[in-house]
Structures are given as structure tokens and as C-alpha cells.
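Observations on chain architecture
One-letter residues, chain by chain:
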Amino acid sequence: MQRTMKILETSIFDVFEKMFFVYLEPCGAASVPGDPYMKATIAFDGPMNGEINAYFSKPFLSLMAQNMLSVNRGEVTDEMREDCAREAVNMICGHFLSLVDPGRQYELTVPECGPAADTASEDERLDYAADMMPWAVAVSLSGSVKNFEGAS
Amino acid sequence: MSFNVLIVDDSMSMRSVIRRVVEMSGYKVDNCYEASNGLEALSILEDKWVDLVISDINMPEMDGMELVSRMRKDDVLRMIPVVIVTTEGNEERVREAFELGARGYLKKPFLPEECRRMFLQVIGVQEDGEYAEDDEDSGDLDF
């Protein structure tokens, strides 16, 4: 895995462990059981530009909402799932940029979220399982930042 | 001693996390108000007195930087300490927030204990429950 994607993976682990209290396990894209349920997108612009997309399974988003909002499974609403998806991709992006290119300023868009009409491209994509779910989330990276190897 | 706190974030999930940390800080919180952007926050601040504002930066309508800036231009609101909670780890951006008047900064993702510590530091309460010596730099980051 290239350096940029390793940093992205570190950011993903940090966000899900600290804010959603879930521990992810890398898995292959072949583990995806059908279409992802929801997609959250954030773009950034600065010395480099790019976009991060996160594709979530419904059970995983429900687990995230349960953990972050301290609610029971039956209390989780679509609004909560969407909010968690947006906040997750927002934190992943900000954390990723602060690690990959520290000290430089980037403008982040307000994250958008909706049904996953497409699937992540096979390259520059990280897939994870979590908590008995064979596939939970995939995160993809595109743009000029993808091949950045400069900062130490 | 009890506190009124205003949490400003466009994510209800994040507002919920911060609210729980504030409520579990060990200090009595009378009112914990919530706003989803800077404009809503200013509207609340027109009517309610709060002892601490905890605000995100990246929000629609009015972002956290503009909120801090507007508060500093108001003779009353400028006395309220503001903690910026954001995903942005960029030093220049943080410095800008402090220059505008923010008193503390917390980077997401954070552990609940980090959030609690920042909250107490900025309102001047030490870990042992005593109030800290008056120190105008309390809660600020050193550059």
C-alpha cells in the first residue's frame, strides 16, 4: 500500500475507534454483500485537491449511531445514520489532511450524504469489516493528493 | 457553581457527544443549548447567557470563525470563552481562531477525556475542582 493510503487508513482507524467506538478489520472488496446502503462525500482544495467517499452498510451505520448517540438499536433513525456518515467522512478527511500534509491549509466542503447509487472504484479503496459484519465500510480517495508522497 | 453551555455544530451526533461529555464533567450544567451554525448560535446568545461556547469551524450558513469574530466585536459576548472543536489540524487556521478570540482548541477525533479536560481548563476549573488562578492564557495553545 502506498504511503498516502496508509495515512488514510490511520485516519480511518482513529476516527472509528475514538468517536464511534468500533474496531475495523481490513477485508477485501470481494466481501461486499450487495450494494452499499449509503455514501458520504467530502471534497477538499488547497495545495492538493481531492475527494473522499465513504460507502457504508446499513447495519454498520446503525452501530455507529448507537455508539455515538448512546441510543438503542430500535431508536436509530435514517437521520441519525446520515448524520453519522457525514460526520465520519468529515473527520476522516480533516484528520487525513493534517497527517499527510501538516501545516498546510485546506478548504473542506460541507459533507454530503445520500443513498449509494454507485460503488467505490476498485483502486485507491480500502474495505473494512467490523463487529461480526463481513463488510462494513469502504473508503476511496481521488484527486491529486492520491499520489502525494512528499511530506514526512 | 453551575454553568450554561452552548454547543455549535452542524452534526447532531457531534453535539450529542459533546453534550454528554459536558454533562459528565462533574460540574453542574444548568442549561446546555445547541445550535447547528453560527447564525443560530448568535440568535441564542441574544437571549441567553452562557458561560462557555463550544463550536465547530466548518458549518453551513455561518462558520465557527465568523461566529468567534462576531462575538469579539460585541462588548458583552466577547467575555464568553469559546472552544473551537474541529477536524482541521492546520496550525495557521488554529492561530487564526485564537487571534479572533478563541480560548481553546480541540481536534476531532478526540477522546471524551480530552474534551472534558479542555472544557474544564477553559472555564478555569482544575482537576481537583478548585478554580485556577486567574490566567488570561488559560486554555490557550502555545505557539
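See the structure printed just above.
A brief look at the structure comes next. Since the model is a prediction, treat every value here as computed from it, not as a measurement. (Residues numbered from 1 in each chain as written. Chains lettered and ligands numbered in written order. Predicted model: local features only at pLDDT ≥ 70, side-chain atom pairs only at ≥ 80, totals over all residues. Heavy atoms only, no water.)

**Points about the packing of aromatic side chains**
Scanning the entire structure with this criterion turns up 5 aromatic pairs over all chains. Centroid distance Phe16 of chain A to Phe60 of chain A: 5.5 Å. Interplanar angle 45 degrees. Geometry classified as tilted. Of this pair, Phe16 of chain A sits in helix H1 (residues 3-19) while Phe60 of chain A is found in helix H2 (residues 58-69), placing the two residues 44 residues apart along the sequence. Of the two residues examined, Phe16 of chain A and Phe60 of chain A, each falls in the buried class. Look at Phe3 of chain B and Phe119 of chain B: their rings are 6.3 Å apart centre to centre, the planes differ by 75 degrees, and that puts the pair in the edge-to-face class. Of this pair, Phe3 of chain B sits in strand S1 (residues 2-8) while Phe119 of chain B sits in helix H5 (residues 112-122), and the two are 116 residues apart along the sequence. Like Phe3 of chain B, the residue Phe119 of chain B is buried in the burial classification. (Phe/Tyr/Trp six-rings, centres within 6.5 Å; stacked < 30°, edge-to-face > 60°. Helix = DSSP H or I, 4+ residues; strand = E, 2+ residues; numbered from the N terminus. Buried < 20%, exposed > 50% of the residue type's maximum accessible area, 1.4 Å probe, protein only.)

**A few points about the sheet that holds strand S2 (residues 28-35) of chain B**
Residues and elements named next belong to chain B. Taken in spatial order, the 5 strands line up as S2-S1-S3-S4-S5 in an open sheet, and their pairing is parallel. Either end of the sheet is taken by a strand with one partner, and the two such strands are S2 and strand S5 (104-107). When the angles between neighbouring strand axes are averaged without regard to direction, this sheet yields 20 degrees. Sheet topology places S1 next to S2; 7 bridges connect them, and they run parallel. Considered in S2, the bridge of Leu6 is made with Tyr33. (Pairing = 2+ DSSP bridges. Axes fitted to C-alpha atoms, helices over the stretch in contact; angles between N-to-C directions.)

These results come straight from atomic positions and should not be treated as a statement about function.
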